[in-house]
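Working through the structure, step by step
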Amino acid sequence: MSFPRCALLWARLPAGRGAGSRAATCSALRALAGPFPGAPGRVPSLAASSSSASGGSKAPNTSLFVPLTVKPQGPSADGDVGAELTRPLDKTRLFHQAFISFRNYIMQSHSLDVDIHIVLNDICFTHVDDLFPFFLRHAKQIFPVLECKEDLRKISDLRIPPNWYPEARAIQRKIIFHSGPTNSGKTYHAIQRYLSARSGVYCGPLKLLAHEIFEKSNAAGVPCDLVTGEERQTVDPEGKQATHVSCTVEMCSVTTPYEVAVIDEIQMIRDSGRGWAWTRALLGLCAEEVHLCGESAAIDLVAELLYTTGEEVEVHKYERLTPISVLDHALESLDNLQPGDCIVCFSKNDIYSVSRQIEIRGLESAVIYGSLPPGTKLAQARKFNDPSDPCKILVATDAIGMGLNLSIRRIIFYSLIKPSINEKGEKELEPITTSQALQIAGRAGRFSSHFKEGEVTTMHREDLALLKEILNRPVEPIQAAGLHPTAEQIEMFAYHLPETTLSNLIDIFVDFAQVDGQYFVCNMDDFKFSAELIQHIPLGLRVRYVFCTAPINKKQPFVCSSLLQFARQFSRNEPLTFAWLRRYIKWPLLPPKNIKDLMDLEAVHDVFDLYLWLSYRFMDMFPDSSLVRNLQKELDVIIQDGVHNITKLIKLSESRKILNLESSQSGNQSRLSGTLKSPAKRTRGTKSAGGKAAEPLSPGASELPLASRLVQQGLLTADMLKQLQKEWLTQQPEHGREKAGTRRKKKDPNAD
């Protein structure tokens, strides 16, 4: 009899022997499990009553509770006393298929034979209470959550985030919101106050912005330190902390007192992945004055959040300093490009294609996209901004939206369709939002650039009307701010559920979490991806948590395999030295000969970032951060040279059929025309560990073994696969290996 069915029958029992304890037990079971599948009409009312008793909280998703394995009992030292008192049980007669068939027959029959009905009635309403305590004991063994549901609810209660920051609540803060569009001077005014303060902290969304404020502050004679996930710089030769610090928003301290704090791009509080960092800074920074810079769409939400802390928001509104206009004609041909033009693409293939076509026309272009190292982005920006450089055209992704000062006259949208992955793991092709369009378009005609007026248009004529429509829409107010479970909360969960994997703990935490309408729990797919990747490696929970929060690009197989290798070395208590890392990445590296080589070098740069990020959390195990940083600078120069000659790399890639730009172009055009007919198209991908949706498979790919498909999609490398197979085999006992091998032979030789 299944757990839900048995609990259901027990709940139906009339009051009688043991009714008091039985009723309390049933109440706990029903509160946990919610409505039982296939139950009659009486059960929903039971579930409803338990829900109201627990304060109206939603019933948990019981599919997340993975049952633990309870080993059958072996022979007792005292012998089989039960068999001596009664008689041995002949369990061989209970064939599994017969049991399933008989159960289905009983459950699905509208009426039963009289004798069967009477026997079942006796079992259900007379003797089941004798069996139930043993069932309940077993249920609590395989589902430990039964014992601690209320404790888990208290741990995951996220309804009053302001109370998490007692230092900030102990002072009365002055909140000033600098609101305005791109190039309105809002950040400038906040930074001026930051520079004039006795002490201050700047919290930016990007390393580039943190570096920029770090350099500006020190150039203005205000000693300032730099703190990012991968880097620490102190201006004092002896390492003494300066009064001012410029950091990425995730790295800000919520216990250090400051006179002035600046939180840049506050509208990113709504970001599904990183929004928690802005929420933490907004509620937790211990500063007399907190200056917020961002879109007006965030004003109402910020005011509501700070109303609960008793703090009022003073709003300063700014207008754009230079005019910007949307042209009435599209570019239509790259022959019409002019100096100061920036073509914005939303895919690397489009960047490669456009750069190649510009080079054919005898023009030189700079290239900027998200996965380039910060130093390379700055080098390309300097090249484009330099009036004496022959490079007058920029080809970029939306990475130019913030963090780079560029002298752009005209923004040209090559496409208005930006691919994204939604919370269901589906690939979406949708037009960019009004907020995104304004952020990118606002880069044209900046106040400090050579061009005092900005222009915006599209590459294709049919896109122009849609661009105007997007830009004319009002920006929707932000509805909620992101939250994220802390390491302490996950540790408390693990205390109650010690046999549960970290990935499953996160799922259960998110399901149990209670939040007010002004907040949401951020997407944890990247965290879970890393957790599942290193699950088989023996690490302490706190160490495992830190490894899973390390920022990695899960689309890069080499970066993923490096996280795996770093965790493996760590678990063996073997320090990851500079010499070891050089051997691992096969240094020295050669200059790129094609686009694939360039992408491989970018992945190595990300691995260096990963090492540096971990080196500030585990200094003894990652001891050579300064040497690795110097090596990273050498790699940055190699990548800069590669990007400088990117058109040559594209040409070589085309000749070797590594890159197919023609099919990419035609594909983009067909996607664009299709999207204009319908607001959004979704392509369901194969959902992998960590929630990543894979690209649609080629014909016949679904017939390939799982491992082959993962390699084809770039989620695994052949080396990673061999290593994982080797580790799995070494961890299996001999008899388990033999059985597994037998099962594979019976099923399919390619079952792995």
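Counting starts from 1 at the beginning of each chain's written sequence and moves along it residue by residue. Per-residue local features of the predicted model are confined to residues with pLDDT of at least 70, and side-chain atom pairs are confined, for both listing and counting, to 80 or more; whole-chain, interface and lining totals are unaffected and use all residues. No hydrogens and no water enter the side-chain calculation; it runs on all heavy atoms of the structure.

**Quick word on the overall build of the protein**
Helices and strands together make up the secondary structure of the protein, namely 29 helices and 19 strands. Note on classification: 1.4 Å probe, protein chains only; a residue is buried when its accessible area is under 20% of the maximum for its type, exposed when over 50%, partly exposed between these limits. Every one of the 752 residues in the protein was classed for burial, and the buried ones make up 47%. Here, residues are in contact when the closest pair of their heavy atoms is within 4.5 Å. The long-range fraction of contacts in the protein, counting pairs at least 24 apart against all pairs at least 6 apart in sequence, stands at 75%. A 1.4 Å probe and the Shrake-Rupley method give the accessible areas. Residues count as covered only by the protein chains that appear here. Entry remark: accessible area of the protein is about 37,900 Å², with carbon and sulfur atoms responsible for 54%. Strands here mean DSSP runs of E at least two residues long; helices mean DSSP runs of H or I at least four residues long; both are numbered from the N terminus.

**Some details on the nonpolar core**
The criterion is simple. A nonpolar core is a set of buried Ala, Val, Leu, Ile, Met, Phe, Trp, Tyr and Cys residues joined through side-chain atoms within 4.5 Å. With 133 residues, the main nonpolar core has I534, F547, F566 and F622 as its most contacted residues. Counting residues per element, this core draws most heavily on helix α23 (residues 595-615), at 12 residues. Residues within four places of F566 in sequence aside, it is in contact with F547, L576, W580, L581, V607, L610, Y611, L614 and F622. Among the nonpolar cores identified, the runner-up in size contains 29 residues, and C391, L394, I411 and F413 belong to it.

**Side note on unusual backbone geometry**
The omega angle of the peptide bond from W587 to P588 is 5°, so this bond is cis rather than trans. Here P588 is to be found in the loop between α22 (578-585) and α23. Residue E332 is not a glycine yet carries a positive backbone phi of 70°. E332 gets classed as partly exposed once you look at its relative accessible area, which sits at 44%.

**Some thoughts on the pattern of salt bridges**
Any Lys or Arg side-chain nitrogen located within 4 Å of an Asp or Glu carboxyl oxygen qualifies as a salt bridge. For the structure shown, the criterion picks out 29 salt bridges. Of the charged contacts, one joins K418 and D398 as a salt bridge, the two residues approaching to 2.4 Å between their closest N and O atoms. Here K418 is found in strand β14 (residues 417-421), whereas its partner D398 is found in the loop between β12 (393-396) and β13 (410-413), with 20 residues between them in sequence. When its relative accessible area of 26% is taken as the criterion, K418 is described as partly exposed. Among the salt bridges present, the one from R542 reaches E491, with a minimum N-O distance of 2.9 Å. Of this pair, R542 sits in helix α20 (residues 541-549) while E491 sits in helix α17 (residues 487-496), placing them 51 residues apart in sequence. Shared partners join several salt bridges into a network, and the residues in it are R193, R198, E259, E288 and E289.

**Observations regarding the sheet that holds strand β1 (residues 174-179)**
Note on pairing: two strands pair once DSSP finds at least 2 bridges between them. An order of β4-β3-β5-β2-β6-β7-β1-β8 is seen for the eight strands of this open sheet, with the pairing classed as mixed. Either end of the sheet is taken by a strand with one partner, and the two such strands are β4 (232-233) and β8 (313-317). In this structure, strand β3 (residues 224-227) lies alongside strand β5 (residues 244-248), joined through four bridges in parallel fashion. Residue pairing in the sheet places L226 in a bridge with S246 of β5. Strands β1, β2 (200-204), β3, β5, β6 (258-263) and β7 (287-294) of the sheet are contacted by helix α9 (residues 186-196), whose axis makes an angle of about 160° with β7. What counts as an axis is a line fitted to C-alpha atoms, over the stretch in contact for a helix, and the angles between N-to-C directions run from 0 to 180 degrees. Of the strands in this sheet, β2, β3, β4 and β5 touch helix α10 (residues 207-219), which is tilted by about 165° from β3.

**Description of helix α15 (residues 434-441)**
What sets the pattern is the α-helix's 3.6 residues per turn: residues three or four places apart point alike. A large share of α15 lies buried, amounting to six of its eight residues. When we look at burial in α15, the residues that qualify are T434, S435, A437, Q439, I440 and A441. At its buried positions, α15 is contacted by β9 (324-326), β10 (341-344), β13, β16 (454-458) and α16 (461-472).

**Re the state of the cysteines**
Cysteine pairs can be covalently joined through their sulfur atoms, and such a bond is termed a disulfide. The disulfide criterion is simple: two cysteine sulfur atoms within 2.5 Å. Enumeration according to the criterion identifies zero disulfides in this entry. There is no disulfide at C247, and the cysteine sulfur nearest it, in C203, is 4.2 Å away. A relative accessible area of 1% means that C247 is categorised as buried.

**Points about the sheet that holds β12**
Here six strands make up an open sheet; going across it, the order is β9-β16-β13-β10-β12-β11 and the pairing parallel. Here the strands that pair on one side only, and so sit at the sheet edges, are β9 and β11 (365-368). Ignoring which end each strand starts from, the neighbouring axes of this sheet average 20° apart. Pairing analysis gives four bridges linking β13 to β16, with the strands arranged parallel. Looking at the pairing, F413 lines up with T458 of β16. In this fold helix α14 (residues 374-385) packs onto β10, β11 and β12, with an angle of close to 150° to the strand it touches most, β11.

**Considering α10**
Expected helix span is computed as 1.5 Å times (number of residues minus one). For α10, which comprises 13 residues, the first-to-last C-alpha distance of 18 Å matches the rise-based estimate of 18 Å (1.5 Å per residue) to within 8%. Within α10 the residues assigned to the buried category are L208, L209, A210, E212, I213, F214 and S217. For α10, the secondary structure elements touched by its buried residues are α9, β2, β3, β4, β5 and α14. A positive backbone phi angle near 85° is found at G221, which sits one or two residues after α10.

**Thoughts on the packing of α14 against helix α24 (residues 625-644)**
Following both chains from N to C, one finds α14 and α24 inclined at 45°, their axes separated by 9 Å at the closest point. Our classification of the angle between α14 and α24 gives oblique. Handedness of the crossing formed by α14 with α24: right-handed. Facing α14, whose interface residues are G375, T376, A379, Q380 and K383, α24 presents D636, I639, Q640, V643 and H644. Nonpolar residues are Ala, Val, Leu, Ile, Met, Phe, Trp, Tyr, Cys and Pro. Charged residues are Asp, Glu, Lys and Arg, and all others, Gly as well, are polar. Here the contact of α14 with α24 is composed, by residue class, of three nonpolar, five polar and two charged. Working definition: roughly parallel below 35 degrees, roughly antiparallel above 145 degrees, roughly perpendicular at 65 to 115 degrees, and oblique for all remaining angles. If you view the pair so one helix is near and one far, a crossing is left-handed when the near helix is turned anticlockwise from the far one by less than a right angle, and right-handed when it is turned clockwise.

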